[in-house]
Amino acid sequence: MISSIIFILLISAGSTWFIFNAKKVRRNILLGKDVDRKDNSAMRLKIMTLVALGQKKMFARPMPALLHLFLYAAFVITQIELIEIFIDGAFASHRIFRPFLGSFYTILISFIEILSVLAFIGTIAFLARRNLLKVPRLVKNELNGWPKIDANTILFAEIILICCIFMMNGADEVLYSKGKSHALNLNDASFGFSISSLLGPILFGGFSENSLHIIERIGWWGHIIMVFSFLNYLPYSKHFHVLLAFPNVYFSNLNPAGKFTNLESVSNEVKAMFDPSFIPAPASTELPTRFGAKEVTDLSWKQLLDAYSCTECGRCTDSCPANITGKLLSPRKIMMDTRDRLEEVGKNIDTNGTFKDDGKSLLGNYITHEELWACTSCNACVDACPINIDPLSIITDMRRFIVMEESAAPTELNGMFTNIENNGAPWQFSQSDRLNWSTE
Amino acid sequence: MEALKVYTMADYTAKGETPEILFWVGCAGSFDDRAKKITKAIVKILNHANVKFAVLGTEESCTGDPAKRAGNEFLFQMQVMGNVSILNGYNVKKIVTGCPHCFNTLKNEYPSLGGNYEVIHHTQLMQELLNSGRIKIEGGAFKGKKITFHDPCYLGRGNDVYEAPREVMINLDADLAEMKRSKAKGLCCGAGGSQMFKEAEKGNKEINIERTEEALALNPDIIAVGCPFCNTMMTDGVKHFNKEETVKVLDVAELIAHANKL
């Protein structure tokens, strides 16, 4: 009875706190400008199935893809066991599904256990890749400090979670074989779970019945506490990607990667210049919008969703020609900076009710001109991202601000602009010489 | 050598005729000495295949692509307005470009600003001409030569065109070798995003050196390209390694023109 109350309180508090924080993230994302990504739902579902659910783009690098698949599959399938844990927790029952599901229950838990072992191997391998093998993309400068701690925290939490599963199942196996488990006795010798029927007796065979019950309970409570800690850690962590990857891929850019947006605000001005009969929309009372992006609020909600979905794997940076050749630009850092600044803006709103100018902005305080001008707009980062994040669109929008609002383009580019304006080519050649090649 | 037959849209209009296709030459193709050779190779192929094509000549102006990639959306859209009024004035339906940057922006970014055309890259046109039998690739000028193709970003990743240049080159009977980073994983030459028109930011290597090094590791006879800017970058890279005597950087159009002794 008491345990049920504690359990229900835990679940309620854990869920409420998560929803509270998730709503803040949603609010932050919706600070972005509107962009239509709700068209063509059939195509979007297909891409989500292939890229998010099917992890298609991960397999460009087979080894980490396989390890990631272990964790991903275990994460998804374990949710089934969680349903039983919820019912058992609320009604003080024990393995309530077993009498109903019979041998299917054994198969199900056995499957979960095998995936858990694979996930354990994956987690150890990931820890090794980060901390021992020091895979280049996982030890770059932008990961120093919190991002590195964040990544390792998640992996350690994963290990604890898996240990809890095997404490719970292993001790229960031993208890059941002694006829002492709280699970309903179905007149069989053991649960027959694939891993814990072997591992249980080895680890816990010599323990007293009392100790076994304690170990089983530590595993059970540890498991559910870890699940809810994990859930509530997500909004503070890069690991939010486990939830946001799906909507983020659904709202992917469906246009060819080479197609950049045409700024409508600019079109109106240009049309007004070219066509005297063009009547611009009546001036609104709102402040005129900026050309391009200086601040996170100048970006679209999709670009902000991208930032929250990024798990900092660094495939973008690893494929970036500028980064490969030692330039300051790192597409991953562009995403991390966007999220960090957005979080800062969000906290500012929490504190002040509305955003109060803090004298900072994404451009300048987080992302520098030097980073932005190193980009070749080659789309390698966009192609490399397993969940279709688009760092290039942010880089482009910030270049637009630099050029059109600050007039701070590099000198050579200003020369190029002048040439296009005056003679219709980026170099100083006369338009009247355009056909000379045909007679040379 | 036959003289090039090049007519402008104005010429056709004066005659009351309509060409099959407009050849958008582009700024590099019009003014850069190296790229002009590519332009001529494309024209030779078009002449050889009896394609009735036109150029805009002195009515052509920059598409605005370099301005757009640099963030100057105003200048880009001003260029679009000017170009669209000329293209629409001539009732242009189909365009072939000699440059993936012109190709990308005309194809993708012009429609919502009033310019709707079928736009193809010159490697796609060559593929069409080969498939329809309007050109054949004769002779074995490149038989047994090792050729590696460097994917232009705005043709490959930008527009998912990977096969057209390769399918055209298959006809050369050459040994087509792929770099480790090719197709969707291809490494940029370093010229895109308006980098062509500015010094690179501070780093420890030039991007074109990194890319040329990768190509040269295959010991190719020819590095094939499909973009005048990639051509410049890779040619400079080859010179950097003092390999210009043994390794040529050639556009796919030049390979085809040469194979046909055009």
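All values reported here derive from a predicted model rather than from experimental measurement.

Caption draft 1: The overall build of chain A, seen in detail. When its secondary structure is counted, chain A shows 19 helices and zero strands. Expressed as lengths along the three principal axes of its C-alpha atoms, the size of chain A is roughly 95 × 55 × 40 Å. A burial count over chain A gives 40% of its 440 residues as buried. Contacts spanning at least 24 positions in sequence make up 78% of the contacts within chain A whose residues lie at least 6 apart.

Caption draft 2: Representation of the overall build of chain B. Tallying secondary structure elements over chain B gives eleven helices and eight strands in all. Sorting the 262 residues of chain B into buried and exposed places 58% on the buried side. Long-range contacts, defined as pairs at least 24 residues apart, comprise 80% of the intrachain contacts of chain B with a sequence gap of at least 6.

Caption draft 3: Representation of the packing of helix α14 (residues 331-352) of chain A against helix α18 (residues 391-404) of chain A in the model. Residues and elements named next belong to chain A. It is at 9 Å that the axes of α14 and α18 come closest, and there the two elements cross at 75°. Classed by the angle they form, the pair α14 and α18 counts as roughly perpendicular. Mapping the contact onto sequence places P331, I334, M335 and T338 in α14 and P391, I394 and I395 in α18. When grouped by side-chain class, the residues that make up the contact of α14 with α18 number six nonpolar, one polar and no charged.

Caption draft 4: Seen up close, the domain arrangement of chain A. Residue and element names in this part refer to chain A. Domain assignment breaks chain A into domain 1 (2-30 + 61-250) and domain 2 (264-279 + 288-430). Centre-to-centre, using C-alpha coordinates, domain 1 lies 40 Å away from domain 2. Listing elements by their share of the side of domain 1 that touches domain 2, those giving two or more residues are α1 (2-29) and α9 (241-250). Of the residues in the side of domain 1 that touches domain 2, the class split is eleven nonpolar, four polar and five charged.

Caption draft 5: Geometry of the domain arrangement of chain B. All names here are of chain B. Domain boundaries in chain B define domain 1 (9-129) and domain 2 (137-259). Each of domain 1 and domain 2 has a C-alpha centre, and these two points are 22 Å apart. Contacts between domain 1 and domain 2 engage 26 residues on the former and 26 residues on the latter. For the side of domain 1 that touches domain 2, the secondary-structure elements that each account for two or more residues are α2 (26-31), α3 (33-48), α4 (65-70), α6 (100-109) and α7 (122-131). Per-element accounting of the side of domain 1 that touches domain 2 gives the leading share, eight residues, to α3. Looking at side-chain class alone, the side of domain 1 that touches domain 2 contains twelve nonpolar, nine polar and five charged residues.

Caption draft 6: Layout of the environment of A:L329. Residues and elements named next belong to chain A. Residue position: L329 is located in the loop between α13 (321-324) and α14. When the 26 C-beta atoms within 10 Å are taken as the criterion, L329 is described as buried. C-alpha of L329 to C-alpha of C163: the two residues are 166 residues apart in sequence and 40 Å apart in space.

Caption draft 7: Summary view of the interface of chain B and chain A. In this complex, chain B contributes 58 residues to the contact, which on the side of chain A involves 55 residues. Among the elements of the structure, α2, α3, α4, α5 (73-89), α6 and α9 (207-216) of chain B are those that each provide at least two residues to the side of chain B that touches chain A. In terms of residue class, the side of chain B that touches chain A is built from 21 nonpolar, 21 polar and 16 charged.

Caption draft 8: Seen up close, the pairing of strand β1 (residues 21-24) of chain B. Residues and elements named next belong to chain B. Bridge count for β1 against strand β2 (residues 53-54) is two bridges, and the pairing is parallel. In the sheet register, I21 faces β2, and the bridge partner there is F53. In this structure, β1 lies alongside strand β3 (residues 94-97), joined through three bridges in parallel fashion. Its bridge partner being in β3, L22 is matched across the sheet by I95.

Caption draft 9: Local environment of the sheet that holds strand β8 (residues 248-251) of chain B. Residues and elements named next belong to chain B. Strands sit in the order β6-β5-β7-β8 across an open sheet of four strands; the sheet is parallel. In the strand order of this sheet, the two ends are held by β6 (175-177) and β8, each with one partner. Direction aside, neighbouring strands of the sheet carry axes that sit 30° apart on average. In the sheet, strand β5 (residues 146-149) pairs with β6 via three bridges, with the strands oriented parallel. Residue pairing in the sheet places K146 in a bridge with D175 of β6. In this fold helix α8 (residues 163-170) packs onto β5, β6 and β7 (222-225), with an angle of close to 165° to the strand it touches most, β5. Contacts between helix α10 (residues 228-240) and the sheet are confined to β7 and β8, with β8 contributing the most and set at about 170° to the helix.

Caption draft 10: Inspection of the pairing of β5(B) at higher detail. Residues and elements named next belong to chain B. For the handedness criterion, the β-α-β arrangement of β5, α8 and β6 is classed as right-handed. Here β5 pairs with β7 via three bridges, running parallel. Following the sheet pairing, I147 is matched in β7 by I222.

Caption draft 11: Just the sheet that holds β3(B), in detail. All names here are of chain B. Overall, parallel pairing links the four strands, which are arranged β2-β1-β3-β4 in an open sheet. Taken across any chain shown, the strands that pair with only one partner, and hence form the sheet edges, are β2 and β4 (118-121). Sheet strands touched by α6: β1, β3 and β4. Its angle to β4, the strand with the most contacts, is close to 160°. Taken strand by strand, α7 contacts β3 and β4, and its axis lies near 90° from that of β4.

Caption draft 12: Quick look at unusual backbone geometry. The phi dihedral of A:K134 is positive, around 45°, even though this residue is not glycine. The residue B:K183 is not glycine, and still its phi comes out positive at about 50°. You can see B:K183 is positioned in the loop between β6 and α9. Exposure remark for B:K183: the 16 C-beta atoms within 10 Å place this residue in the partly exposed category.

Caption draft 13: Looking closely at helix α11 (residues 252-259) of chain B. All names here are of chain B. Along α11, seven of the eight residues are buried, which leaves the element largely enclosed by surrounding structure. Those residues of α11 that sit buried are V252, A253, E254, L255, I256, A257 and A259. Contacts from the buried residues of α11 go to α3, α7, α8, β7 and β8. A positive backbone phi angle near 50° is found at K261, which sits one or two residues after α11.

Caption draft 14: Expanded view of the packing of α7(B) against α8(B). Residues and elements named next belong to chain B. Packing of α7 against α8 brings their axes to within 8 Å, and their N-to-C directions diverge by 45°. Accordingly, the angle class assigned to the pair α7 and α8 is oblique. In this structure, α7 crosses over α8, and the sense of that crossing is left-handed. Seen from α7, the contacting residues are T123, Q124, M126, Q127 and L130; seen from α8, they are A164, P165, E167 and V168. A breakdown of the residues in the contact of α7 with α8 according to their chemical character gives five nonpolar, three polar and one charged.

Calculation rules
- Residues numbered from 1 in each chain as written.
- Chains lettered and ligands numbered in written order.
- Predicted model: local features only at pLDDT ≥ 70, side-chain atom pairs only at ≥ 80, totals over all residues.
- Helix = DSSP H or I, 4+ residues; strand = E, 2+ residues; numbered from the N terminus.
- Buried ≥ 20, exposed ≤ 12 C-beta atoms within 10 Å, placed from the backbone.
- Contact = placed C-beta atoms within 7 Å.
- Axes fitted to C-alpha atoms, helices over the stretch in contact; angles between N-to-C directions.
- Parallel < 35°, antiparallel > 145°, perpendicular 65-115°, else oblique.
- Nonpolar A, V, L, I, M, F, W, Y, C, P; charged D, E, K, R; others polar.
- Domains from an automatic or database assignment.
- Pairing = 2+ DSSP bridges.
- Right-handed = clockwise from strand over helix to strand, strands pointing away.
- Left-handed = near helix turned anticlockwise from the far one by under 90°.

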